[in-house]
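Listed here are the chains, written in short residue letters.
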Amino acid sequence: MKRCFLLFTALFITGIVTSQEKNITVILKNAITKDVIPGASISVKDKGIGAVSNDDGVFKLSAPVSSEIQISHLTFKPLVIAVKDLKEGDNTVFMEVNDFTMEEVIVSKTPIYEVLAALIDNSRQQLSNPIHLNTYCREFIKNHGKYTRFTDGLVDLHIKGKPKNIDVDAVAIQNRSYGLNEEEEASKMLVGFSLEDIIEKTYEFGVLKKFTKKSSLENYDFEIKSNPANENMYIIHITPKKEVQELLFNVKVAYDITKKVILSVELKTADSHLQYAKEINILIARALIKKSHFRAEFKFENNKYVLASTLADLHFKLWNKRKINYDMEAKNALIVTKFQNETFAYNKKDVIKKGRLFKQTNNIKTNYWEFDSGLTPTHEEQAVIDNLKTKL
């Protein structure tokens, strides 16, 4: 009996040790220049936990001591770090730059726009669906360079439907939203993104549709290159032709050459073609796009192909001859912190109308924005958030 008790005790203690978690803060830096590294994807191996480094190169997460953290970025060599080798609190991790002199141009017998179309079709088919994504979402809105609204929250995304017709139910678990300059008219407007639109367009790869047609060759050059840090990854580069006088985009699509699925998408207005942006009519006002940036990351984990993160960043002017005079910057970041099989165990009455988190009534139970978010605010963003403390 004593021997059994000792064995049980040993197993119990081992269980405590292996399940113990550590709160980690990491700043990623370029090993050569010492510059910080924003936009790196972080995942805890086999645990489904995800994060992204912010514009200060920082990420925070809570992970089991026995686990490993995987860090990836298209510009840098991937890293795997044991959690036990990181200290509780602040850590600095240096990443080595990919040797792009080893980058090779890949010759394709198939037109690259057709390669892209096939990748999109296969990726749609392979994305795990139905799926339940636990996410953290955060939005900042500026008008004329001043913050006017802040929104964030833990949101469960319930995704189902056909590959070309995704249906999303967004349920807020906790959330907060505030106008930061209440005297400004822009703060009174509930301006923000629709999570439904973001997820549907991401899962359906709608932002890439126009690049899958032969007509896109009139405005863009296509090229496939290898990734020196990952022999299983190729990157499609789509760049605007210099002579075309239209607002065009620089596009990068990274994909797994074995599984034939997309790993990341980045679409950004080309600085060289911003001068060709045209005014358009929107209801009773005129609008002009000054910047548009979209990024989505995907990953394979636990035999599932799932979304890892999205970023939507838009800068536009909106005005008329009456009272409207806005110079708006709207930025939405969404991080998939965990994922699980869909059980549809949620109440339809709790679904956010059109996925507009910024219109939800504030519901704050914990400091969820700390280690539960997967996205650490920058120093500038933290200063804005600190202004909210009197409202909490």
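Residues numbered from 1 in each chain as written. Predicted model: local features only at pLDDT ≥ 70, side-chain atom pairs only at ≥ 80, totals over all residues. Heavy atoms only, no water.

1. A few points about the nonpolar core
Considering soluble globular proteins, one finds that nonpolar side chains tend to be buried as a cluster.
Alright, step 1. Within the largest apolar cluster, 61 residues are counted, with the highest numbers of intra-cluster contacts made by Leu208, Ile236 and Ile262.
Alright, step 2. Once you skip the residues sitting within four places of it in the chain, Leu208 turns out to touch Leu116, Ile120, Val251, Val253, Ile262 and Val265.
Alright, step 3. Judged by nonpolar contacts, the second largest core, of 20 residues, contains Val44, Phe59, Leu86 and Met95. (Core = buried A, V, L, I, M, F, W, Y, C linked by side-chain atoms within 4.5 Å. Buried < 20%, exposed > 50% of the residue type's maximum accessible area, 1.4 Å probe, protein only. Contact = heavy atoms within 4.5 Å.)

2. As for the packing of aromatic side chains
Aromatic ring pairs are reported here in terms of the distance separating the ring centres and the angle at which the planes meet.
Alright, step 1. Counted under the stated rule, the structure contains 9 aromatic pairs.
Alright, step 2. Measuring from centroid to centroid gives 5.0 Å for Phe140 and Phe150, while their planes differ by 50°, and the two rings are tilted. Here Phe140 is found in strand S9 (residues 131-143), whereas its partner Phe150 is found in strand S10 (residues 146-162), with 10 residues between them in sequence.
Alright, step 3. You can call Phe150 buried: its relative accessible area is 0%.
Alright, step 4. Both rings, one in Tyr368 and one in Trp369, keep their centres 4.8 Å apart while their planes meet at 75°; by these two values the pair is edge-to-face. For the pair Tyr368 and Trp369, a shared accessibility class is recorded, and that class is buried.
Alright, step 5. Grouped by ring-pair contacts, the aromatic residues Phe205, Phe298, Phe300 and Tyr305 constitute a single cluster.
Alright, step 6. The ring of Trp319 carries the charged tip of Lys317 above its face, separated from the ring centre by 5.8 Å. (Phe/Tyr/Trp six-rings, centres within 6.5 Å; stacked < 30°, edge-to-face > 60°. Helix = DSSP H or I, 4+ residues; strand = E, 2+ residues; numbered from the N terminus. Lys NZ or Arg CZ within 6 Å of the ring centre and 35° of its normal.)

3. A word on the pairing of S9
Alright, step 1. Taking burial as the measure, the 13 residues of S9 include 13 buried ones, the bulk of the element.
Alright, step 2. Side-chain alternation along S9 places Ile131, Leu133, Thr135, Cys137, Glu139, Ile141 and Asn143 on one buried face and His132, Asn134, Tyr136, Arg138, Phe140 and Lys142 on a second face that is also buried.
Alright, step 3. Strand direction decides the pairing type here: S9 and S10, joined by 13 bridges, are antiparallel. The partner of Ile141 across the bridge, within S10, is Arg149.
Alright, step 4. Hairpin geometry of S9 and S10 is characterised by an intervening segment of 2 residues between the two adjacent antiparallel strands and by a positive phi of about 50° at His144.
Alright, step 5. Across 12 bridges, the pairing between S9 and strand S19 (residues 325-340) is antiparallel. Of the residues in S19, the one forming a bridge with Glu139 is Asn332. (Pairing = 2+ DSSP bridges.)

4. Section: helix H5 (residues 379-386)
An α-helical turn contains 3.6 residues, so any two residues separated by three or four positions project in the same direction.
Alright, step 1. Looking at H5, one finds that the buried residues are Glu381, Val384 and Ile385. The arc that holds the buried residues of H5, viewed along the axis, is 100°, so those residues lie on one side. (Arc of directions from axis to C-beta.)

5. Description of the pattern of salt bridges
Alright, step 1. Scanning the model with the defined rule gives 16 salt bridges in all.
Alright, step 2. Where Lys331 meets Asp55, a salt bridge forms, and the shortest distance between an N and an O atom there is 3.4 Å. Highlighted residues: Lys331 in strand S19 and Asp55 in the loop between strand S3 (49-52) and strand S4 (58-64), separated in sequence by 276 residues.
Alright, step 3. Overall, Lys331 belongs to the partly exposed group, its relative accessible area being 24%.
Alright, step 4. Note on Asp55: relative accessible area 46%, which makes it partly exposed.
Alright, step 5. Lys291 is the partner of Asp313 in a salt bridge, and the nearest nitrogen-oxygen pair spans 3.3 Å. Of the two residues, Asp313 is situated in strand S18 (residues 304-319) and Lys291 in strand S17 (residues 285-301); the sequence distance between them amounts to 22 residues.
Alright, step 6. Here Lys291 falls in the partly exposed class, since its relative accessible area comes to 30%. (Salt bridge = Lys/Arg side-chain N within 4 Å of Asp/Glu carboxyl O.)

6. Examining the confidence of the model for the chain
Alright, step 1. Chain-level pLDDT for the chain is 87 on average; 90% of the residues reach the 70-or-more range.
Alright, step 2. By mean pLDDT, helix H1 (residues 2-19) is the weakest element of the chain at 42, and strand S14 (residues 249-256) is the strongest at 97. (pLDDT = per-residue confidence, 0-100.)

7. Comments concerning the sheet that holds S3
Alright, step 1. Here 4 strands make up an open sheet; going across it, the order is S3-S2-S5-S6 and the pairing antiparallel. A single partner strand is all that each edge strand has here, and the edge strands are S3 and strand S6 (76-82). Each strand axis lies, on average, 15° off the axis of its neighbour in the sheet, ignoring direction.
Alright, step 2. The pairing of strand S2 (residues 41-44) with S3 spans 4 bridges and is antiparallel. Following the sheet pairing, Ile42 is matched in S3 by Ala51. (Axes fitted to C-alpha atoms, helices over the stretch in contact; angles between N-to-C directions.)

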